[in-house]
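# Coordinate inspection notes
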Amino acid sequence: MSNIKFVSDTTMSHIKNNLKTFTQRIVDNDDNSWLKDEFKEPIFEEKRYSINDFDLKINPDSKDKDLDFENHIKLYENLKDLPRFVLCDERFWLWLELDKFYLYSKKVMTINGISTIKDHWLFGQGGRRGIFFGILSRCFFRVECTIDENAEDKYWLTRWVVSSPERFRNLSWRAFSSERHLVRGVLKGEKRAVEKVGKETTEAYTEIAKFISFDLGGTTLLDAYSEADIEKIVYDKMLEILADETIR
Amino acid sequence: MQIKNRLFPYPILNEEQHKSTYYNKLLQFEYTEDDDDDYYILRDIQLDTNSVYLKKLFADGLVKALCIVECSRSVYRKSFEIGIVTPIPEIKIAKNDLIDKFVVSAFAYATANIEIKSDEFDEDYKGITFSIDKYGILAASDGYSNYSQRDERKDNVSSSIFSIIPNKDQAAESAYKVNLSDRKIEIILNEEDFDNYEKIYRFESYKEIFFSMILVHALEIALMKVKQKFDSEDVDDIASEYKWVLSIKDAYENLEGKDFDKDSLSDESSICVIAQKLLGNPLNKSLKNLLSSVNKTGDTNDE
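Residues numbered from 1 in each chain as written. Chains lettered and ligands numbered in written order. Predicted model: local features only at pLDDT ≥ 70, side-chain atom pairs only at ≥ 80, totals over all residues. Heavy atoms only, no water.

All names here are of chain B. Inspection of the sheet shows strand β2 (residues 27–35) paired to strand β3 (residues 39–49) by eight bridges, in the antiparallel sense. Bridge pairing links Asp 35 to Tyr 40 in β3. The hairpin turn running from β2 into β3, its antiparallel successor, is three residues long. Inspection of the sheet shows β3 paired to strand β6 (residues 88–94) by six bridges, in the antiparallel sense. Bridged to Arg 43 within β6 is Glu 90. (Pairing = 2+ DSSP bridges. Helix = DSSP H or I, 4+ residues; strand = E, 2+ residues; numbered from the N terminus.)

Taken together, the three strands give an open sheet; going across it, the order is β11-β13-β12 (chain B), and neighbouring strands pair in mixed fashion. The sheet is open, and its two borders are formed by β11 (162–167) and β12 (177–180) of chain B, each paired with just one other strand. Strand-to-strand twist across the sheet, computed as the mean angle between neighbouring axes with direction ignored, equals 25 degrees. Inspection of the sheet shows β12(B) paired to strand β13 (residues 185–190) of chain B by four bridges, in the antiparallel sense. Opposite Val178(B), over in β13(B), you have Ile187(B) as the bridge partner. Sitting on the sheet, helix α1 (residues 9–16) of chain A touches β11 and β13 of chain B, and the angle it makes with β11(B) is about 25 degrees. Each of β11 and β13 of chain B is contacted by helix α2 (residues 191–200) of chain B, which is oriented at about 110 degrees to β13(B), the strand it contacts most. (Axes fitted to C-alpha atoms, helices over the stretch in contact; angles between N-to-C directions. Contact = heavy atoms within 4.5 Å.)

Here we come to unusual backbone geometry. All names here are of chain B. For Lys 4, which is not glycine, the phi torsion reads 50 degrees and is therefore positive. Tracing the chain through its elements places Lys 4 in the segment before β1 (13–14). Phi at Asn 24 takes a positive value of approximately 60 degrees, unusual for a residue other than glycine. Locating Asn 24 in the fold gives a position in the loop between β1 and β2. Look at Asn 24 and you get exposed, because its relative accessible area is 57%. (Buried < 20%, exposed > 50% of the residue type's maximum accessible area, 1.4 Å probe, protein only.)

Formally, a disulfide is one covalent bond, and it connects the sulfur atom of one cysteine to the sulfur atom of another. As enumerated under the stated definition, the model contains zero disulfides over all chains in all. With no disulfide partner, Cys71(B) has as its closest neighbouring cysteine sulfur the one in Cys88(A), 7.9 Å distant. With a relative accessible area of 0%, Cys71(B) lands in the buried category. (Disulfide = S-S within 2.5 Å.)

All names here are of chain B. There is a patch of nonpolar side chains on the surface, built from Ile 200, Tyr 206, Leu 283, Leu 287 and Leu 290 and spanning about 430 Å² of accessible area. Ranked by residue count, the leading element in the nonpolar patch is helix α7 (residues 282–297), at three residues. Among the secondary structure elements, Leu 290 is positioned in helix α7. (Patch = residues over 30% accessible without salt bridge, like charges linked within 9 Å, V, L, I, M, F, W, Y side chains within 5 Å. Areas by Shrake-Rupley, 256 points an atom, 1.4 Å probe, with all protein chains shown as cover. Salt bridge = Lys/Arg side-chain N within 4 Å of Asp/Glu carboxyl O.)

In this section: the side chain of His120(A). All names here are of chain A. Secondary-structure assignment places His 120 in helix α8 (residues 114–121). His 120 sits in the buried class, given a relative accessible area of 14%. A distance of 2.8 Å separates the side chain of His 120 from the backbone oxygen of Phe 133, its partner in a polar contact. Once you skip the residues sitting within four places of it in the chain, His 120 turns out to touch Glu 97, Met 109, Ser 115, Phe 133, Gly 134, Ile 135 and Arg 138. (Polar contact = N/O pair within 3.5 Å; in protein donor to acceptor, adjacent residues only side chain to side chain.)

Here the focus is a negative patch on the surface. There is a patch of like negative charges on the surface, built from Glu173(B), Glu192(B), Asp193(B) and Asp195(B). As for its position among the elements, Glu192(B) is in helix α2. (Lys, Arg positive; Asp, Glu negative; His and termini not counted. Charge placed at Lys NZ, Arg CZ, Asp CG, Glu CD.)

Attention shifts here to helix α2 (residues 19–28) of chain A. For an α-helix, the turn length of 3.6 residues means that residues three or four places apart are oriented alike. All of the buried residues along α2(A) are Leu19(A), Thr21(A), Phe22(A), Thr23(A) and Ile26(A). Where the residues of α2(A) are buried, they touch α1, α3 (35–38), α6 (90–100), α7 (102–108) and α8 of chain A.

All names here are of chain B. A sheet is described by the order of its strands in space; here five strands give the open sequence β1-β10-β7-β4-β5, paired in mixed fashion. Two strands bound the open sheet, and with one partner strand each, they are β1 and β5 (76–82). Those strands touched by helix α1 (residues 52–59) are β1, β4 (63–71), β5 and β10 (137–148), and its axis lies near 95 degrees from that of β4.

Across chain A, the average pLDDT comes to 93, with 98% of residues at or above 70. Taking the mean pLDDT of every element in chain A, the minimum, 86, falls on strand β2 (residues 44–51) of chain A and the maximum, 97, on α6(A). (pLDDT = per-residue confidence, 0-100.)

Structure follows, in structure tokens:
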């Protein structure tokens, strides 16, 4: 066990004001020893919460989906007891990326310039969306949002989502996806429809997310839907969408 | 969860009366607030109305009401069943689940596919029967926004409200910039100035000179912003946007023995004085240090 850390506010400011240099340092270095030369101020601040010491297995561009799933579960299982305000803090995830899982973070997504660092190492897309863009934070929340505690295999939906992240991506950007039973209902309906039809498209998942937000959520109270009701509605709608030849 | 200016194709009772399509009927979402170290507590929560029609729908089990607490930053959204007219005693929300802004709202919705028709509707809707889907919203209060303030200083050793950082893209000899971020007052130097700052900051006697030269000015800028904000917000509202305000507030109240509020920054000359006081009157100390250095070298220019 060891105490968690946050990247200090001064270092965060330093990084955000020097993204080009920061990005290049990561690209040029497979270990993080450069940090102490780059930042004169204390980089990390220790907090009073602790976690187990654990590893993630290197998985370049998340190509190995079984390994990707394993890493997702490890992150979730070892961090899930931390307070929510920690789990949603950019400074916490950047500490994990720069310190504990530096090489893993560098390899899990190819760095294509400043935008990769800004949007996927930092929360460049904003407070909530940034969580679902972060290379580590999104793994944690993919599990947290899809875990089915009532199922024999509580990660059965998680496995489906991790094997093809576009099944969850657009959904995660919608405000209603903070309500977990709605997410489970939507995913169950989508999965059942896809398995019945034997095909899926990225656009279908986008259409479902929009349908729930604007059609269903336009006049009805989404939070009041039971998980079973949402599943049925989404299943029917997904069949309709997949039958539409114009949707690719 | 808020409906804001969303339009409905059927009558809806809204707490904001100009959005309501009932005639002369009110909806009020009420609760009292409390908190302890770990929880925000809502007490006596109710969705009250003088609509006889809505109350009957509720009594017949055709309508239910939910209170929804949502915090976007912490991916938190929970709903709690509440009554119409009859208050429920308590809802507790763990402070650890919240970051910054959270919204508490309330809605009444249909529990089945129903039809509604009432003389309580506005003139345009009277005499018409409307089909409402199960879960259709029938009454809405966008409720209240609140801010969860977390004092991180309890989790850390004490740290400065200032960040001195280099910007490698800034031209040499360019002026320094002051940026008010949500957590820190940032002082951004060009690379050469930053390197020089790092060298002199190690010397205690020169630290006060640096404070006088830069930190007093940066703090004045920050206090000017706070003064501006005091026109429409109180110190807790401002602190939810700029967390360093809490440190300034504590330091001011310890120093002056009175509350930090709008009157504290009543004019610009007071801001200049307060900034220096909060930083321990660095001009005074730096002049003494400089004079001491001059005296040691024997170069006094005494005649």
